[in-house]
Amino acid sequence: MRFNLNLKECEVTSRALWASRRDFLRQTMTAGLGGWIAAPLAAKAGSLGAKPNPAFRVSDPTTPLEKVTTYNNFYEFGTSKEDPAQQATDFKVRPWKVVVEGEVNKPQTFDLDDILKLAPLEERIYRLRCVEAWSMVIPWIGFPLKELLNRVDPRGNAKFVELISLMDPDQMPGQKNAVLDWPYREGLRLDEAMHPLTLLTVGLYGDVLPNQNGAPVRIVIPWKYGFKSVKSIVRIRLTETMPVTSWMKAGPSEYGFYANVNPAVDHPRWSQAKERRIGDFLKRPTLPFNGYADQVASLYSGMDLTKNF
Amino acid sequence: MTQRFGHGMEPNIPSARQRQQPKANRAIVGFKILIFVLALVPMTRLLMNGYLDALGANPVEKILHNTGFWTLSFLMITLWVTPLRSVTGWTFIGRFRRMLGLFAFFYVVLHFLSYLVLDQFFDWPNILKDISKRPYITVGFSAFLILIPLAVTSTDGMMRRLGGKRWRGLHRWVYLAGFAGVVHFWWLVKKDITEPSLFAIAFSVAMIVRVLMKLRKRPSPSLIIPH
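Each value, and the rule that gives it
- Residues numbered from 1 in each chain as written.
- Chains lettered and ligands numbered in written order.
- Predicted model: local features only at pLDDT ≥ 70, side-chain atom pairs only at ≥ 80, totals over all residues.
- Helix = DSSP H or I, 4+ residues; strand = E, 2+ residues; numbered from the N terminus.
- Buried ≥ 20, exposed ≤ 12 C-beta atoms within 10 Å, placed from the backbone.
- Contact = placed C-beta atoms within 7 Å.
- Axes fitted to C-alpha atoms, helices over the stretch in contact; angles between N-to-C directions.
- Parallel < 35°, antiparallel > 145°, perpendicular 65-115°, else oblique.
- Left-handed = near helix turned anticlockwise from the far one by under 90°.
- Nonpolar A, V, L, I, M, F, W, Y, C, P; charged D, E, K, R; others polar.
- Core = buried A, V, L, I, M, F, W, Y, C linked by C-beta atoms within 7 Å.
- Pairing = 2+ DSSP bridges.
- pLDDT = per-residue confidence, 0-100.
- Expected span 1.5 Å × (residues − 1).
- Arc of directions from axis to C-beta.

### Some words on the overall build of chain A
Part 1 of the argument: Of the regular secondary structure elements, chain A holds ten helices and 13 strands.
Part 2 of the argument: The buried share of chain A, taken over its 309 residues, is 37%.
Part 3 of the argument: Residue pairs in contact within chain A that sit at least 24 positions apart in sequence constitute 68% of those at least 6 positions apart.

Structure representation (structure tokens):
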């Protein structure tokens, strides 16, 4: 048998193409079954057809896609920043269902395609500020969570919204490590969940969410620390009592329920006054509510934000 | 001269040693060169990756972590020399201890410079605040301060000037520096303490073996000034 050792680097299959080989096989195999199966798969390769919403666009320059997709905190796939991009390549995002239950009059289960059609998809450019004091600016695609919540008709006693991520240690090897209490849980007050800024997110940079960014559906709450923007959501539960989130459990003195970005309230171990915008050399001052104060500060009037961190 | 250094301690007179064991000495020098070159690899890789923009999305964080990691690693390696030497009986490895310790100092200087220049960019008010208000930086900076006199007094000349007893007393502070370094790392990680615990174990073992050695009260080679 002869080996050709003269392969050139330009002949190497691009990683993106190699990673999507299974999609390609799936697509070609199901082509015969008609467009209604092929269409959602084809959507993975193309644009989501989202319309930019100028009311929700910060003027900061956006963070390059390469950095957005290779620097992630997604402990389900490992605790280092490079782990999720490397470990989540085979993560299955279809079939995907989001169960909405709890204090609602119309509990229901949404298929991913139901969610994609629930409301017009918008492109919004948001700042995202991690509690570790770094930040990015990302063009997300989604629609306000309140569109989905209105569909299920929350009852009068619904005061909080709990958001729960997937539990699947086989697909998410990081869950074999008890670094956090799995599955990942987050929560919002109902008024925070109903706020127009709170985005039920299905894509970024024009395309569906990469696995490491929380595919296929996540939440983005731009005025709070990034750990509140839970990824790969499978369950939304409306409750009467405040949910205990995964990070509250992991470090009650360090991670609170509200987790509003606040330069005046330091993390017990490090300062929150400044942040490093990924791509910048110098640090920049952190803005109250991550620069969204005029839109959300009123939600917290009268609250002691040092106590309710 | 033997009286100044106390029982069992001999000053390093290279020419005498070279006369006695030429072949062994050449091997030692060879090893020292090898260790020197290997010890520079982490910094070289960092510079290379920096030049190739291969330090990831947050290069400053990567540099800080990397230089800190190698500071702790060289500190641990240095702390393991004496226990290993006693356990194996290979007295020659003591000859590498100074170089290994100085590389720990080399990387702590790089680590501190990265913090000063890359992370803070000479923001002195903020640096002072960090050192006084952030416990993990307080202990980290303290560990750095301890290593400075140890590096300065690492030369043969300094050993002679201080004398064996005072030199040893001063250099015992390396234990505190090692401990402070581990605590610094433990206190700065968000949640995953895997790496800090490995260093904590390495440090604890090095200390426990020393305690056991002392309890056995054997005439131990550690009384000889290492080179």
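Once you've had a look at it, read on.
### Overview of the overall build of chain B
Part 1 of the argument: Along the backbone of chain B there are twelve helices and zero strands.
Part 2 of the argument: Ordered by position in the sequence, the α and β elements of chain B form the string α-α-α-α-α-α-α-α-α-α-α-α.
Part 3 of the argument: Across the 227 residues that make up chain B, the buried fraction comes to 25%.
Part 4 of the argument: The long-range share in chain B, meaning contacts at least 24 apart out of those at least 6 apart in sequence, stands at 71%.

### Points about the packing of helix H6 (residues 97-119) of chain B against helix H8 (residues 135-152) of chain B
Residue and element names in this part refer to chain B.
Part 1 of the argument: Running from N to C, H6 and H8 cross one another at 135°; their axes reach a closest spacing of 10 Å. Taken together, H6 and H8 sit at an angle that is classed as oblique. As for how H6 packs across H8, the hand of that crossing is left-handed. For the pair H6 and H8, contact is made by Leu-102, Ala-104, Phe-105, Val-108 and Phe-112 and by Phe-144, Leu-147 and Ala-151, respectively.
Part 2 of the argument: Looking at the contact of H6 with H8, its residues break down into eight nonpolar, no polar and no charged.

### Details of the interface of chain A and chain B
Part 1 of the argument: Counting residues at the interface gives 15 residues for chain A and twelve residues for chain B.
Part 2 of the argument: Residue composition of the side of chain A that touches chain B, by class: seven nonpolar, two polar and six charged.

### Quick look at the nonpolar core
Across soluble globular proteins, nonpolar side chains show a tendency to be buried alongside one another.
All names here are of chain A.
Part 1 of the argument: Residues Ile-219 and Ile-233 are the most contacted members of the largest nonpolar core, which totals 66 residues.
Part 2 of the argument: Among the elements that line this core, the one with the most residues is strand S5 (residues 134-144), at six residues.
Part 3 of the argument: When sequence neighbours within four positions are dropped, the list of residues in contact with Ile-219 reads Leu-145, Leu-163, Thr-198, Leu-199, Leu-200, Thr-201, Ser-229, Val-230 and Ile-233.

### Examining the pairing of strand S6 (residues 160-165) of chain A
All names here are of chain A.
Part 1 of the argument: In terms of residue burial, S6 counts as a mostly covered element, since six of its six residues are buried.
Part 2 of the argument: One ladder, built from five bridges, connects S6 with strand S7 (residues 185-189); its direction is antiparallel. Among the inter-strand pairings, Phe-160 is bridged to a residue of S7, identified as Arg-189.
Part 3 of the argument: As paired elements, S6 and strand S11 (residues 233-239) share six bridges and run antiparallel to each other. Note on S11: the bridge partner recorded for Val-161 is Leu-238.

### Observations concerning the sheet that holds S6(A)
All names here are of chain A.
Part 1 of the argument: Pairing in this open sheet of five strands is mixed, and the strands run S3-S2-S11-S6-S7 from one edge to the other. Only two strands of the sheet have a single partner each, and these edge strands are strand S3 (108-111) and S7. Looking at each pair of strands side by side, their axes are set apart by 20° on average, direction ignored.

### Some thoughts on the confidence of the model for chain B
Residues and elements named next belong to chain B.
Part 1 of the argument: In this model, chain B carries a mean pLDDT of 89, and residues with pLDDT of at least 70 account for 86%.
Part 2 of the argument: Per-element confidence in chain B ranges from a low mean pLDDT of 45 for helix H1 (residues 2-5) to a high of 98 for helix H11 (residues 173-188).
Part 3 of the argument: Within the model, the stretch residues 1-11 combines pLDDT values under 50 with 18 contacts to residues more than four positions away or in other chains.

### Describing H8(B)
For the α-helix, the turn length of 3.6 residues means that residues three or four positions removed from each other point alike.
Residue and element names in this part refer to chain B.
Part 1 of the argument: Given a rise of 1.5 Å per residue, 18 residues ought to cover 26 Å, and the 27 Å separating the end C-alpha atoms of H8 matches this to within 8%.
Part 2 of the argument: For H8, the set of buried residues is Ile-137, Val-139, Gly-140, Ala-143, Phe-144 and Leu-147. Seen along its axis, H8 keeps its buried residues to an arc of 165°; they face one direction. Residues Leu-145 and Val-152 are exposed on H8 and point more than 90 degrees away from its buried face.
Part 3 of the argument: The inward-facing, buried residues of H8 contact H6, helix H7 (124-133) and H11.

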